[in-house]
Amino acid sequence: MVPLLLVLLLAIVLFGAGFAVKILWWVALAILVVWLLGFVMRSTSAGGGRGRWYRW
């Protein structure tokens, strides 16, 4: 009975980890898209050069 419970627990943990990793991939993709849009659409500074679109 204990090995069966351990296998079921392992399956649940791996399923949860797989779901979390899939969500993290979508979050990373969304952040990448926002970063690329900000990089492409950044405004020019008064001197004619490209300024940073982020503050850090």
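Residues numbered from 1 in each chain as written. Predicted model: local features only at pLDDT ≥ 70, side-chain atom pairs only at ≥ 80, totals over all residues. Heavy atoms only, no water.

Our focus in this paragraph is the overall build of the chain. Assigned secondary structure in the chain consists of one helix and zero strands. The buried share of the chain, taken over its 56 residues, is 2%. Counting only carbon and sulfur atoms, one obtains 80% of the accessible surface of the chain, whose full area is about 5,400 Å². (Helix = DSSP H or I, 4+ residues; strand = E, 2+ residues; numbered from the N terminus. Buried < 20%, exposed > 50% of the residue type's maximum accessible area, 1.4 Å probe, protein only. Areas by Shrake-Rupley, 256 points an atom, 1.4 Å probe, with all protein chains shown as cover.)

Nonpolar side chains collect at one region of the surface, where W26, L29, L32, V33, W35, L36, L37, F39, V40 and M41 lie side by side and expose about 1,000 Å² of accessible area between them. Mapped onto the elements of the fold, L37 is located in helix α1 (residues 2-40). (Patch = residues over 30% accessible without salt bridge, like charges linked within 9 Å, V, L, I, M, F, W, Y side chains within 5 Å. Salt bridge = Lys/Arg side-chain N within 4 Å of Asp/Glu carboxyl O.)

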